[in-house]
Amino acid sequence: MIIRFLVSALSLGLATWVLDGIWLDVTDRPADAVLTILIVAAIFGLVNALVKPLFVFVTSPLLLITLGLFLLVINAALLMLTSWVCAQIGVGWGVTGFWSAFWGAVIVSVVSFILNSFVGNRGERHT
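Residues numbered from 1 in each chain as written. Predicted model: local features only at pLDDT ≥ 70, side-chain atom pairs only at ≥ 80, totals over all residues. Heavy atoms only, no water.

Draft legend 1. Examining the environment of Thr82 more closely. By the secondary structure assignment, Thr82 is in helix 5 (residues 70–89). Overall, the relative accessible area of 0% leaves Thr82 in the buried class. Sequence separation between Thr82 and Val26 is 56 residues; the distance between their C-alpha atoms is 17 Å. (Helix = DSSP H or I, 4+ residues; strand = E, 2+ residues; numbered from the N terminus. Buried < 20%, exposed > 50% of the residue type's maximum accessible area, 1.4 Å probe, protein only.)

Draft legend 2. Spatial organisation of the packing of helix 1 (residues 2–18) against helix 6 (residues 98–119). Put simply, helix 1 and helix 6 touch, their axes get as near as 9 Å, and they point 145° apart. Considering only the axes of helix 1 and helix 6, their crossing is right-handed. Mapping the contact onto sequence places Ile3, Arg4, Val7, Leu10, Ser11, Leu12, Leu14, Ala15 and Val18 in helix 1 and Gly104, Ile107, Val108, Val111, Ser112, Leu115, Asn116 and Val119 in helix 6. Within the contact of helix 1 with helix 6, the residues separate by chemical class into 12 nonpolar, 4 polar and 1 charged. (Axes fitted to C-alpha atoms, helices over the stretch in contact; angles between N-to-C directions. Left-handed = near helix turned anticlockwise from the far one by under 90°. Contact = heavy atoms within 4.5 Å. Nonpolar A, V, L, I, M, F, W, Y, C, P; charged D, E, K, R; others polar.)

Draft legend 3. The arrangement of unusual backbone geometry in detail. A positive phi angle, close to 55°, is found at Leu67, a residue other than glycine. Overall, Leu67 belongs to the exposed group, its relative accessible area being 77%.

Draft legend 4. Looking closely at the packing of aromatic side chains. This structure, assessed with the given rule, holds 4 aromatic pairs. With a centroid separation of 6.2 Å and an interplanar angle of 35°, the aromatic rings of Phe98 and Phe102 are classed as tilted. Here Phe98 and its partner Phe102 are both found in helix 6, 4 residues apart, which amounts to about one turn of the helix. When its relative accessible area of 33% is taken as the criterion, Phe98 is described as partly exposed. Ring centres of Phe102 and Trp103 lie 5.2 Å apart, and the angle between their planes is 85°; on these two criteria the pair is classed as edge-to-face. Among the residues examined, Trp103 registers a relative accessible area of 47% and is labelled partly exposed. Here the aromatic residues Phe98, Trp99, Phe102 and Trp103 are joined through ring pairs into a cluster of three or more. (Phe/Tyr/Trp six-rings, centres within 6.5 Å; stacked < 30°, edge-to-face > 60°.)

Draft legend 5. Spatial organisation of the environment of Thr36. With respect to the element layout, Thr36 can be found in helix 2 (residues 30–50). In this structure, the C-alpha to C-alpha distance between Thr36 and Gly68, residues 32 residues apart in sequence, is 31 Å. Residues contacting Thr36, with those up to four places away along its chain left out, are Leu24, Val26, Val91, Gly92 and Trp93.

Draft legend 6. Main features of the packing of helix 2 against helix 5. Between helix 2 and helix 5, the least distance of the axes is 9 Å, while the angle of their chain directions is 125°. As judged from the angle between their axes, helix 2 and helix 5 are oblique. Note that helix 2 runs across helix 5; the crossing there is right-handed. For the pair formed by helix 2 and helix 5, the contact residues are Val40, Ile43, Phe44, Val47 and Asn48 on the first element and Leu78, Leu79, Leu81, Thr82, Val85, Cys86 and Ile89 on the second. Among the residues forming the contact of helix 2 with helix 5, the class breakdown is 10 nonpolar, 2 polar and no charged. (Parallel < 35°, antiparallel > 145°, perpendicular 65-115°, else oblique.)

Okay, here's the thing in structure tokens:
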């Protein structure tokens, strides 16, 4: 579980670093940036666990019609919701618009998929 959390934090950090529309407001100390990304990853994990099932259920006809591609729009909305929560609690991380959130969702999904493929399934031991 901790490894998957760190994978999520790494993918969010990469999206923040690559895209201009996703920003991180910290001092010059790298430790502050890492701590902020870890907080954002925790918030994103909570948003995914609590809100995403509702979004998926409500938009299930669109998911079926688009063969699951609408999940990228849902993930973009979840990134924007995470940005809003961060703004409410004073965490210096944000997303400036839908397209930044969309491409951020693409990056987070691809990087998470690649890194999680090395981790394996829950409860499975790699030897």
